[in-house]
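Notes for the structure review
Each chain, written out:
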Amino acid sequence: MVDTNRITGTAKELGGKVQGAVGDLTGSRRDSVEGRAREAQGAAENVYGQVKDTVRDAAEHVADTARDIGGKVRDAVGDFVGSEDIEDRARRAQGAVGDTYERAERSVRSAGRAAYDRAEDAYENGGRHLRQGGYAATNQVAEHPVAALLVAGLLGYGLGLLIHGRD
């Protein structure tokens, strides 16, 4: 089952791309910056969902493997019922399998928490860098309004050529 963060993250990312493109086309800096921020937020949420899916799949795989090993141990013990030495060894082996499973589960959960923390840090850093970039762009436009107008005009002309061709 796919994590809902992947779905909502992809939707936010797409919505942010559209909003950013509309902002670029209309010249709305606010829409452009907000769109890019939504796009980055959606991408981070999508990555977080992928990490959760991967951790869940790994934990399920470890649990399945431990159950398989436990079943094999039970089958082997069943073949030799009556021998105290073999039953004792089988119980110890089952205990070792249980301990291994618990250690593996703790490791997978720890890796999941670490991946979540890193994704959260990346999301926060991305948002901060996006805001800083928006402020820097705003300052450049405020300091050089004629150059910004010229660049915006050239971009609009270039987009017009791309959309309508050179007829």
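Please read all numbers here as calculations on a predicted model, not as lab measurements.

Taken as a whole, the largest pocket encloses approximately 570 Å³ of empty space. Surrounding the largest pocket, 22 residues form its lining, Asp 24, Gly 27, Arg 29, Ala 152 and Leu 155 being those nearest its centre. When residues of the lining of the largest pocket are traced back to their parent elements, those giving at least two are helix H1 (4–26), helix H2 (29–79), helix H3 (84–143) and helix H4 (145–164). The leading source of residues in the lining of the largest pocket is H4, at eight residues.

Attention now moves to H1. With 23 residues, H1 ought to run about 33 Å at 1.5 Å a step, and its terminal C-alpha atoms sit 33 Å apart, in line with that. Positive phi shows up at Gly 27, right after H1, with a value of about 85°.

With that out of the way, let us pick up the environment of Arg 30. Position of Arg 30 among the secondary structure elements: in helix H2. Residues Arg 30 and Thr 138 lie 108 residues apart in sequence; the distance between their C-alpha atoms is 10.0 Å.

Here the focus is the pattern of salt bridges. The final tally for this structure, using the stated rule, is four salt bridges. Notably, a salt bridge pairs Glu 45 with Lys 12, separated by 3.0 Å at the nearest N-O pair. In this pair, Glu 45 sits in helix H2 while Lys 12 sits in helix H1, placing the two residues 33 residues apart along the sequence. Residue class for Glu 45 comes out buried when judged on its relative accessible area of 16%. Since its relative accessible area comes to 29%, Lys 12 is described here as partly exposed. The partner of Arg 30 in a salt bridge is Glu 34, and the shortest N-O contact between them spans 3.1 Å. Here Glu 34 and Arg 30 lie together in helix H2, a separation of four residues that amounts to about one turn.

This brings us to a nonpolar patch on the surface. There is a patch of nonpolar side chains on the surface, built from Leu 25, Leu 159, Leu 162 and Ile 163 and spanning about 440 Å² of accessible area. Top element by residues in the nonpolar patch is H4. It accounts for three residues. Examined against the element boundaries, Leu 159 turns out to sit in helix H4. The exposure class assigned to Leu 159 is partly exposed, which follows from its relative accessible area of 34%.

Once that is clear, we can look at the environment of Lys 52. Its location among the elements puts Lys 52 in helix H2. When the C-alpha atoms of Lys 52 and Asp 3 are compared, they prove to be 7.2 Å apart, with 49 residues separating the residues in sequence. If sequence neighbours within four positions are ignored, Lys 52 has contacts with Asp 3 and Asn 5.

Our focus in this paragraph is the side chain of Gln 19. When you line up the elements, Gln 19 lands in helix H1. Looking at Gln 19, its side chain comes within polar contact range of the side chain of Arg 38, at 3.1 Å. The contact partners of Gln 19, leaving out residues within four places of it in the chain, are Asp 31, Ser 32, Glu 34, Gly 35 and Arg 38.

This part takes up the confidence of the model for the chain. Across the chain, the average pLDDT comes to 79, with 89% of residues at or above 70. Averaged pLDDT values over the elements of the chain bottom out at 77 in H3 and peak at 86 in H1.

The end-to-end C-alpha distance of H4 is 28 Å, a good match for the 28 Å that 20 residues give at a rise of 1.5 Å each. Judged by how many residues are buried, H4 sits mostly at the surface: zero of 20 residues are covered.

Rules and cut-offs
Along every chain, residues carry numbers that run from 1 in the direction the sequence is written. The model is predicted, so local features are restricted to residues of pLDDT at least 70 and side-chain atom pairs to those at 80 or more, both for listing and for counting; the totals for chains, interfaces and linings are taken over all residues. Only hydrogens and water are set aside when side-chain values are computed; all heavy atoms of the structure are taken into account. Grid points spaced at 1 Å over the protein atoms alone were grouped into cavities, where a 1.4 Å probe fits but cannot get out, and pockets, open sets with protein on both sides within 12 Å along at least five of seven lines, with lining residues defined by an atom within 4 Å of a point. Grid points are joined across faces, edges and corners, and a volume is the space filled by probe spheres set on the points. Per the convention used, a helix needs a DSSP run of H or I reaching at least four residues, while a strand needs a run of E reaching at least two, with both numbered from the N terminus. Expected span of a helix, by definition, is 1.5 Å for each gap between consecutive residues, and there is one gap fewer than residues. For salt bridges, the criterion is a side-chain nitrogen of Lys or Arg within 4 Å of an Asp or Glu carboxyl oxygen. When accessible area is computed with a 1.4 Å probe and restricted to protein chains, residues below 20% of their type maximum are described as buried, those above 50% as exposed, and intermediate ones as partly exposed. Patch membership requires more than 30% relative accessible area and the absence of a salt bridge. Residues of like charge join within 9 Å; the nonpolar side chains Val, Leu, Ile, Met, Phe, Trp and Tyr join within 5 Å. Only the protein chains shown count as cover for residues, and all accessible areas are computed by the Shrake-Rupley method using a 1.4 Å probe. Only heavy atoms matter for contacts: two residues are in contact if any of them lie within 4.5 Å across the pair. Polar contacts, as used here, are pairs of N or O atoms within 3.5 Å; protein pairs need one atom able to donate a hydrogen and one able to accept it. Residues neighboring in sequence count only if both atoms are side-chain atoms. A residue's pLDDT is the predictor's confidence in that residue, given on a scale from 0 to 100.

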